[in-house]
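Architecture and fold: a report
Here is how the chains run, residue by residue.
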Amino acid sequence: MAPVMQKKKNPVQKDDIKKDFAEAINLALTSYKNQIKNNRKLRLIDIFAAMLVFIGIFQTAFVGIIQDNYPFNAFLAGFIICVGQFVLLMCLRLQLTHPFEGISKSKAFGEFVIASLILHFTCLHFIN
């Protein structure tokens, strides 16, 4: 019996991975900049979403730094409202960029407002 020789595969070079990753990032940034270049609504939605992410991280860090969760309901309500509002904003952004069949942009915004009000009232009742 002759030993079976396996072909060695060429290892993927780290430089190739870095180039591909940099190209993907540049392509995504270019696409994003083209999408929001003339649409002020999308820019406003993205700024608000970034603010919600920052507030959620800040709240979590604050609870971690003080190492006490005495008003735990308040922390949970604040964090849930950040995450929920972020999800609602991304749904609105999706409906504004790629409208669903049979749903106008004004109806999508109306649904966003109603869902936001329900979310805020739910979190207010959760605190008490």
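What counts and what doesn't
Residues numbered from 1 in each chain as written. Predicted model: local features only at pLDDT ≥ 70, side-chain atom pairs only at ≥ 80, totals over all residues. Heavy atoms only, no water. Helix = DSSP H or I, 4+ residues; strand = E, 2+ residues; numbered from the N terminus. Rg over C-alpha atoms; globule rule 2.2 N^0.38 Å. Areas by Shrake-Rupley, 256 points an atom, 1.4 Å probe, with all protein chains shown as cover. Lys, Arg positive; Asp, Glu negative; His and termini not counted. Charge placed at Lys NZ, Arg CZ, Asp CG, Glu CD. Phe/Tyr/Trp six-rings, centres within 6.5 Å; stacked < 30°, edge-to-face > 60°. Buried < 20%, exposed > 50% of the residue type's maximum accessible area, 1.4 Å probe, protein only. Patch = residues over 30% accessible without salt bridge, like charges linked within 9 Å, V, L, I, M, F, W, Y side chains within 5 Å. Salt bridge = Lys/Arg side-chain N within 4 Å of Asp/Glu carboxyl O. Contact = heavy atoms within 4.5 Å. UniProt positions renumbered as here; feature names shortened; annotations may be inferred. Axes fitted to C-alpha atoms, helices over the stretch in contact; angles between N-to-C directions. Parallel < 35°, antiparallel > 145°, perpendicular 65-115°, else oblique. Nonpolar A, V, L, I, M, F, W, Y, C, P; charged D, E, K, R; others polar.

1. A short note on the overall build of the chain
The secondary structure content of the chain amounts to 4 helices and 0 strands. In the chain, the order of α-helices and β-strands from amino to carboxyl end is α-α-α-α. Rg of the C-alpha trace for the chain: 23 Å, well past the compact-globule value of 14 Å for 128 residues, more than 25% over. When the backbone C-alpha atoms are referred to their principal axes, the chain occupies close to 80 × 45 × 30 Å. Total accessible area computed for the chain in this model is approximately 10,700 Å², and 67% of it derives from carbon and sulfur atoms. The distance from the centre of the 14 positive side-chain charges to the centre of the 8 negative ones in the chain is 5 Å.

2. Structural notes on the packing of aromatic side chains
Under the counting rule described, the total for this entry stands at 4 aromatic pairs. When the ring of Phe 72 is compared with that of Phe 75, the centres are 6.0 Å apart and the planes differ by 40°; the resulting orientation is tilted. With Phe 72 and Phe 75 both in helix α3 (residues 72–97), this residue pair falls 3 residues apart, about one helical turn. On the basis of relative accessible area, Phe 75 is assigned to the buried category, the value being 17%. The interplanar angle of 25° and the centroid separation of 6.0 Å between the aromatic rings of Phe 75 and Phe 79 together place this pair among those described as stacked.

3. Details of a nonpolar patch on the surface
A cluster of nonpolar side chains, Phe 109, Val 113, Ile 114, Leu 117, Ile 118, Phe 121, Leu 124 and Ile 127, forms an exposed patch at the surface whose accessible area comes to about 760 Å². As for its position among the elements, Ile 118 is in helix α4 (residues 105–127).

4. Some details on the environment of Gln 95
Tracing the chain through its elements places Gln 95 in helix α3. A residue is classified by how much of its surface remains accessible, and Gln 95, at 13% relative accessible area, is buried. When the C-alpha positions of Gln 95 and Phe 109 are compared, they lie 8.9 Å apart, and in sequence the two are 14 residues distant. When residues no more than four places from it in sequence are discounted, the contact partners of Gln 95 are Phe 100, Ala 108 and Glu 111.

5. A short note on the side chain of Asp 46
Here Asp 46 is to be found in helix α2 (residues 40–66). Non-local contacts of Asp 46, meaning those with residues more than four positions away in its chain, are made with Tyr 32, Ile 36 and Arg 93.

6. A look at the UniProt feature "transmembrane region" (unreviewed entry) in the chain
In this structure's numbering, the residues bearing the UniProt feature "transmembrane region" (unreviewed entry) are residues 44–66, 72–96 and 108–127. Across residues 44–66, helical content stands at 100% and strand content at 0%; the span's end C-alpha atoms are separated by 33 Å. Along residues 108–127, the helical share is 100% and the strand share 0%, with 29 Å between the first and last C-alpha atoms.

7. Here's the deal with the packing of helix α1 (residues 14–36) against α2
Where α1 meets α2, the closest approach of the two axes is 8 Å, and the angle between their N-to-C directions is 120°. For the element pair α1 / α2, the angle class is oblique. Of the residues in α2, those touching α1 at Tyr 32, Gln 35 and Ile 36 are Leu 42, Arg 43 and Asp 46. Its residues placed into classes, the contact of α1 with α2 shows 3 nonpolar, 1 polar and 2 charged.

8. Regarding the pattern of salt bridges
A complete count under the given rule lists 1 salt bridge for this structure. The residue Arg 93 makes a salt bridge to Asp 46 at a minimum N-O spacing of 2.7 Å. Pair noted here: Arg 93 is in helix α3 and Asp 46 is in helix α2, with a separation of 47 residues, a long-range link. The burial state of Arg 93 is the same as that of Asp 46; both residues are buried.

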